[in-house]
Amino acid sequence: MDYKKPAEVAGAMIQAGIDKTRMSMTDMIVKGILSGAILGFGTTFALTATVQTNLPLIGAAIFPACFIIVVLLGYELVTGNFAVMSLSWFAGQVSLKQLGKNWAVVYLANLAGGLLYAGLFWASLTQFGKVDGGALGKLISNIAVAKTTGYGQYGTTGLLTVFVKGILCNWMVTLGVVMAMTSTSTLGKILAAWLPIFIFFAQGFEHAVVNMFVIPAGMFMGAPVSAGQWWWLNQIPVTLGNIVGGVIFTALTLYLMHGKRRKETVATPAANTRAEIAESAPVLQ
């Protein structure tokens, strides 16, 4: 059958975490840059639809296209890895050092991809600053302000708010990763992953990688936001919230529900020899 049960998904996620530790530095960086840029594409796609229709829900409905591209092509998205690598760590299959390395490298690569697309999009929309960005440029600029000084005006309460929005966001985003693994068909993965991503974007929750694009893009468009305000008022608290959402609400809950190990033979990559099968990671039940 096309559907995979949660216990099977948990086992697949643990194996995915193990596989990520075997990835070369070059692969992590390239896949991370592509993910950051593609989420930028999805954001401008959604905002363009919002401007054209004046219906933000339409933009939210089509934003998951970028996440689905990332999932289907196997790119590296740090917010998803907050859950995948954590589950593998809870299961004792990866070390804390391996987890930290993956998070750090992919985070920086996602940032590079977001900044790359922000610069390219600014150039395309404004003809390298010769014209204004129109309604779309104004919307991106306003979003950058709302995501930084918009929270900052409320002091500690604002920081706590953006932190909580980061938790809620990545709870859904990491469920998108989980849901994509519940199906073995391309169409099934698309539909399953679409649901939680639509939920997070429609409610305006805070995603660290999306903000790696949209805030600097707004700054390029003239938003009165400094780099310090970007990081202190948004990027840092959102990242921390995304970590909590992925680690606690997805990885830990999956581990607690399916955390009693049993020694079973799991599917082994084609590159492995038969002698390596016995050393494969255990599947959770």
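In this text, all values refer to a predicted model and were calculated from it rather than measured experimentally.

Draft legend 1. View of the nonpolar core. Within the largest apolar cluster, 68 residues are counted, with the highest numbers of intra-cluster contacts made by Met-13, Phe-63 and Phe-200. If you tally residues by element for this core, the top one is helix α6 (residues 96–126), at 9 residues. Sequence-distant contacts of Phe-200, that is, excluding residues within four places in its chain, are made with Phe-63, Cys-169, Met-172, Val-173, Phe-205 and His-207.

Draft legend 2. Summary view of the UniProt feature "transmembrane region" (unreviewed entry) in the protein chain. Under the local residue numbering, the UniProt record ascribes the feature "transmembrane region" (unreviewed entry) to residues 28–51, 57–84, 105–125, 159–181, 193–215 and 235–256. Span residues 28–51 is 100% helix and 0% strand, its end C-alpha atoms 35 Å apart. Segment residues 57–84 splits into 82% helix and 0% strand. End C-alpha atoms: 29 Å apart.

Draft legend 3. Structural view of α6. When the terminal C-alpha atoms of α6 are compared, their 44 Å separation across 31 residues agrees well with the 45 Å that a helix rising 1.5 Å per residue should span. Backbone geometry just after α6 places Gln-127 at a positive phi near 55°.

Draft legend 4. Structural context of the packing of helix α5 (residues 78–90) against α6. Two elements in contact, α5 and α6, have axes whose closest approach is 10 Å; the angle formed by their N-to-C orientations is 175°. When the axis of α5 is compared with that of α6, the two are roughly antiparallel. Every residue of α6 that contacts α5 at Val-78, Asn-81, Phe-82, Met-85, Ser-86 and Trp-89 is listed here: Leu-96, Gln-98, Leu-99, Asn-102, Trp-103, Val-106, Tyr-107 and Asn-110. Each residue belonging to the contact of α5 with α6 can be placed in one class, and the counts come to 9 nonpolar, 5 polar and no charged.

Conventions we followed
Residues numbered from 1 in each chain as written. Predicted model: local features only at pLDDT ≥ 70, side-chain atom pairs only at ≥ 80, totals over all residues. Heavy atoms only, no water. Core = buried A, V, L, I, M, F, W, Y, C linked by side-chain atoms within 4.5 Å. Buried < 20%, exposed > 50% of the residue type's maximum accessible area, 1.4 Å probe, protein only. Helix = DSSP H or I, 4+ residues; strand = E, 2+ residues; numbered from the N terminus. Contact = heavy atoms within 4.5 Å. UniProt positions renumbered as here; feature names shortened; annotations may be inferred. Expected span 1.5 Å × (residues − 1). Axes fitted to C-alpha atoms, helices over the stretch in contact; angles between N-to-C directions. Parallel < 35°, antiparallel > 145°, perpendicular 65-115°, else oblique. Nonpolar A, V, L, I, M, F, W, Y, C, P; charged D, E, K, R; others polar.

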